Amino acid sequence: MKKIILISLSLFLLLTNCDHKTLSKQEDINDELKKVILEIKNKENITAGELRQEDIRAYGFNANVYAINYEKIEADSEKREVYITVSLKKAGTESVSKVFTISGFKAPEQNLSDQELINIEADKVVLSIPDIENISFDELTTDKLIASGYKKQYSIQYIAKKYNSQKKEVEITFYLTKNHLRSKIRTFTISGFKESLPPQGLIDIKEEYLFSALSLTETKITASAAAKKIKEASNKTIGNFIFGENTILNYDDKKGIFTVYIKGTYKEKPFSKKMRISGFSHPYVNPPESVYKKDLDFTAGIEENLLIDDYIQRANSDIENFFKESLSFMLHKGNRLINEVIVLGEHDSYSMTAELEKIDNTALKIIPIFNIKYKLKTDTDKTEKEEIETFSLAGFLQPVKYFSENDVYIHILNELNKRNDVVKVYPHRFASEFYANAVVTGRTPKELFNDSAIEKYRKLYTEKKPNKYLTFDGLNIGISEPRNGGIEVDDYEGSLSLTYYVASNKIIGDADNINFALRQNTVKVTGFRQVNEETIKDLFGFSIVKSNDKDGNPGTLNSWRKKYIPENMYLVREQGNKGENDWLTFSNTALDYENNSGFILSLNGDANLHELLANPINKFLSVGRSGELLLITRINLKKERQSDYLEIKMNFLGTGEPITLIRNPYIPRN
């Protein structure tokens, strides 16, 4: 009997000691909680509502032994305070909860838009999965997810999940909604799933194997498109896979989920697996971020001088062809790199339409409509269903001005650039004739351009008719800055280079105030008459004619031989500014009338050289034998003493060498 009492007493003492130890552990962890300090850096730069768990630093306790557990984060933006409820955990023991009050946050912005507010709330979302260690990824459904940390006036929409088998973690992609408002997309990572094993005898096919072989990227295509791509791989060898007949069981683009049954061999090992794959968030689900290309093409309006109403009617019947480059928008990237651009037209996963609407007689607006296509097929559906979600993108675009006078000039210029007959070419005339006319007058020579090249537009924009948008006082082609490089010639190769523009008569007629902001074309044409020694000898027949010297004595062979003309003696040379009154000067003192040699210089039988060479009345052009006009920029004379011969060296526009003519007087030697 005493023995029994002793055993009972020992058991009582043992149990009492265990309870004491448990209580001691609880007291220890509660005491440790008292040491916890929470700190939020740069809190003055964020509002209370913007605080996220990763912004909080906890210290002061033994972090090697205890883990901190954030139970709840509540914000009071008006008071600029946050209430954080935490506890400590250690090997199955959890402390009591403690609430920390932290103040000093930035005052909330009063002018935040609804879109900014919903994006802030999306950043605050925390996802968790109770009892995760007993759930495999394949068993995960959205009803097992618990979302917290955000205001409950918003609804959460899960759009994708992606499993990393090596890390045993899943990425959950979601966004918040409220009425027609939708937040940016966020991705939250959760780890700790149990591992699922394949059936005995078969290799387990991981999603990443399949994705790599078929080039499947979750953010690039929809779930339905991915499922169809797997189906198309049936009975094909792709990489390490030899597929049998693959079967689509279901897909849901809105949820980003599809189920397929695949079979075959992978690296010569058999597999047969039903795969429910998620994470294929619709690539166009994000709201557009900005307009990418938006310029309307007014070609049809300009070509027919259409009123704005007529242009809109024409454009709305074929809108895709009325943009210079297809209307497109940049998508909001969120936390992932997705397809960046949506483009006008019908596409597999979306469509975009647009129409034009008149604002007034000179302005219009573009109204784009963006349609997201969500395709759905269940296990029992024989056909695919489609749901459309529609958004107006008009808010991204500003009003557009209808075409202007300058737009007409640019359009005509672009059309002229396609032609090779804009400049008239005269094989029997020198290009420098047109050059001299242009630089002296500062205007465009009338015969230089082919009027027929713009006759269509001249009638369209100068004739006053009803139902026309613009009317000009005239329309012509003009040389841009003729005295400053707008026209250049090379008479040696018979070429002419022009920089020209198209404008009204008023603009072209104002030589001192050309609108240089106008678009210009530059063109080089050849085929004009060329300068060469044979041509110059024919057109400019210089001769030395016997006359009387200054004393009235007739010239003799001896007097001619005594005549000395240094090399720098000139008939013609450039002296002043291009095109001005002193541009080229003429001087004939060496062989003019009554010089000391008794001989004079004649051109084509005419001794009045100042009328034939560089005469300002002829725009400084020199006149050839049959009235040909040519710009000679310099004529030098040279004669040595006791020589019978006179050198006449002539310079022309272009890159060729000067041409030298040798002349001597005919004097009978009796």
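Residues numbered from 1 in each chain as written. Predicted model: local features only at pLDDT ≥ 70, side-chain atom pairs only at ≥ 80, totals over all residues. Heavy atoms only, no water.

Enquirer: What is the right way to read the overall build of the protein from this model?
Expert: Regarding its fold elements, the protein presents 13 helices and 38 strands. For the protein, the C-alpha atoms occupy an extent of roughly 180 × 60 × 60 Å along the three principal directions. The buried share of the protein, reckoned over its 670 residues, is 43%. The contacts of the protein with a sequence gap of at least 6 include a subset with a gap of at least 24, amounting to 61%. (Helix = DSSP H or I, 4+ residues; strand = E, 2+ residues; numbered from the N terminus. Buried < 20%, exposed > 50% of the residue type's maximum accessible area, 1.4 Å probe, protein only. Contact = heavy atoms within 4.5 Å.)

Enquirer: Even after reading the chapter, I still don't get the nonpolar core, so can you show me in this structure?
Expert: Soluble globular proteins tend to bury their nonpolar side chains together. Within the largest apolar cluster, 117 residues are counted, with the highest numbers of intra-cluster contacts made by Y311, L496, F542, L601 and M650. Looking at this core element by element, the count peaks at seven residues for helix 8 (residues 431-441). Other than its neighbours up to four places away in sequence, F542 contacts L571, L601, S602, L603, L613, I635, I648, M650, L661 and R663. In this structure, I129, A147, V170 and F188 belong to the second largest nonpolar core, which totals 23 residues. (Core = buried A, V, L, I, M, F, W, Y, C linked by side-chain atoms within 4.5 Å.)

Enquirer: So what exactly am I meant to see when it comes to the sheet that holds strand 19 (residues 328-331) here?
Expert: Hydrogen bonds between backbone atoms are what pair the strands of a sheet, whose relative direction is either parallel or antiparallel. On the basis of which strands lie adjacent, the open sheet formed by three strands has the order 18-19-20 and antiparallel pairing. Looking along the sheet, the strands with just one partner apiece sit at the ends: strand 18 (288-293) and strand 20 (341-343). On average, each strand axis in the sheet is inclined to that of its neighbour by 30 degrees, with strand direction left out of account. Pairing of strand 19 with strand 20 involves three bridges; the strand directions are antiparallel. Pairing of S328 across the sheet is with V343, part of strand 20. (Pairing = 2+ DSSP bridges. Axes fitted to C-alpha atoms, helices over the stretch in contact; angles between N-to-C directions.)

Enquirer: Quick question: what am I supposed to make of the layout of surface pockets here?
Expert: Remark: the empty space left among the atoms is shown by a probe the size of a water molecule rolled over them. Taken as a whole, the largest pocket spans an internal volume of roughly 900 Å³. Contributing to the lining of the largest pocket are 32 residues, with Q53, Y70, E71, V126 and S148 lying nearest its centre. For the lining of the largest pocket, the secondary-structure elements that each account for two or more residues are strand 3 (67-76), strand 7 (126-128) and strand 12 (186-191). The leading source of residues in the lining of the largest pocket is strand 3, at eight residues. A breakdown of the residues in the lining of the largest pocket according to their chemical character gives 13 nonpolar, eight polar and 11 charged. (1 Å grid on protein atoms, 1.4 Å probe; cavity = no way out; pocket = protein on both sides within 12 Å on 5 of 7 lines; lining within 4 Å. Points joined across faces, edges and corners; volume = space filled by probe spheres on them. Nonpolar A, V, L, I, M, F, W, Y, C, P; charged D, E, K, R; others polar.)

Enquirer: I'm lost on unusual backbone geometry in this one. Help?
Expert: Excluding glycine, residues mostly have negative phi values, and the peptide bonds linking residues are mostly trans. Located in the positive-phi region is N305, a residue other than glycine, with phi close to 55 degrees. Its location among the elements puts N305 in the loop between helix 5 (299-304) and helix 6 (308-316). At N604, a residue that is not glycine, the phi angle is positive and equals roughly 50 degrees. Residue classification places N604 among the partly exposed residues on the basis of a relative accessible area of 25%.

Enquirer: Looking at this structure, how should I read the sheet that holds strand 38 (residues 659-663)?
Expert: With antiparallel pairing, the five strands of this open sheet are ordered in space as 32-31-36-37-38. The sheet is open, and its two borders are formed by strand 32 (584-586) and strand 38, each paired with just one other strand. Taking the axes of each pair of neighbouring strands and ignoring which way they run, one obtains an average angle of 25 degrees across the sheet. Pairing of strand 37 (residues 646-652) with strand 38, which is carried by five bridges, proceeds in the antiparallel orientation. Looking at strand 38, one finds that M650 is bridged to I659.

Enquirer: Any chance you could explain the environment of D491 here in plain terms?
Expert: Note on placement: D491 falls in the loop between strand 27 (487-490) and strand 28 (495-503). Each C-alpha atom, one on D491 and one on T526, is 9.8 Å from the other, the two residues being 35 residues apart in sequence. The contact partners of D491, leaving out residues within four places of it in the chain, are F430, A431, S432, R529, Q530, V531, L630, L631 and L653.

Taken by themselves, the reported measurements are silent on function.
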